[in-house]
Amino acid sequence: MTSRPQSILFCCDHNAVRSPMAEGVMKKLFGTETYVQSVGVMNDLEIDGFAIAVCSEIGVELSRHRSRSFEEMEEHGEALSGFDVIVTLSPASQRRALELTRYYHLSVEYWPILDPTGIGETREQKLNAYRQTRDQLADKLREKWGD
């Protein structure tokens, strides 16, 4: 377990499933001790309904989340250099984060977290895939920064 950074940015492909889940679960586990945000490589999807559903099961509210990209974050005055750690949750976000931070001295970590989209045919199978992703994120957060 390493000491918890003061600011963390989670990122994935669309900022619609994994990164908002990571942001929400991080806030639930650790409160306001750490500044937490999330972004995507692209902003072409709204927050996923299954992500909202499985996070609400553990008291994490995602329905008000608005997806945004790296570029939108910077346009709104939030610089990547302001984060202590960037946690990437997909290969595309890993590439983009490394590209954007090559001149900064900050840590970029890749966590290979399951992308639940497209898994399962029934509603319950889909929910179970999303629960698996949520739980994988929660376990990794606890393992990394304690709880």
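Above this note sits the structure.
For clarity, every value in this text was computed on a predicted model and none was experimentally measured.

## Points about the overall build of the protein
- Looking only at helices and strands, one finds five helices and four strands in the protein.
- Secondary structure elements of the protein occur, N-terminal to C-terminal, as β-α-β-α-α-β-α-β-α.
- Its C-alpha atoms give the protein a radius of gyration of 14 Å, near enough to 15 Å, the size a compact globule of 147 residues would have.
- Counting only C-alpha atoms, the protein reaches 45 × 35 × 25 Å along its principal axes.
- Sequence-distant contacts in the protein: of pairs separated by 6 or more residues, those separated by 24 or more amount to 70%.
- Accessible surface for the protein amounts to roughly 7,500 Å². Of this, 48% is attributable to carbon and sulfur atoms.

## Concerning the packing of aromatic side chains
- All told, the structure shown has four aromatic pairs when counted by the stated rule.
- Ring plane angle 40° and centroid distance 5.8 Å describe the contact between W111 and W145, whose orientation is recorded as tilted. One end of the pair, W111, is in the loop between β4 (107-110) and α5 (123-145); the other, W145, is in helix α5, and 34 residues separate them in sequence. The same class applies to W111 as to W145, namely buried.

## What about the environment of H14?
- Note on placement: H14 falls in the loop between β1 (7-12) and α1 (18-30).
- Judged by its relative accessible area of 24%, H14 falls in the partly exposed class.
- Beyond its immediate stretch of four places on either side in the chain, H14 contacts G40, M42, D44, L45 and S67.
- There is a polar contact of 2.5 Å between the side chain of H14 and the side chain of D44.

What counts, and where the lines are drawn
Residues numbered from 1 in each chain as written. Predicted model: local features only at pLDDT ≥ 70, side-chain atom pairs only at ≥ 80, totals over all residues. Heavy atoms only, no water. Helix = DSSP H or I, 4+ residues; strand = E, 2+ residues; numbered from the N terminus. Rg over C-alpha atoms; globule rule 2.2 N^0.38 Å. Contact = heavy atoms within 4.5 Å. Areas by Shrake-Rupley, 256 points an atom, 1.4 Å probe, with all protein chains shown as cover. Phe/Tyr/Trp six-rings, centres within 6.5 Å; stacked < 30°, edge-to-face > 60°. Buried < 20%, exposed > 50% of the residue type's maximum accessible area, 1.4 Å probe, protein only. Polar contact = N/O pair within 3.5 Å; in protein donor to acceptor, adjacent residues only side chain to side chain.

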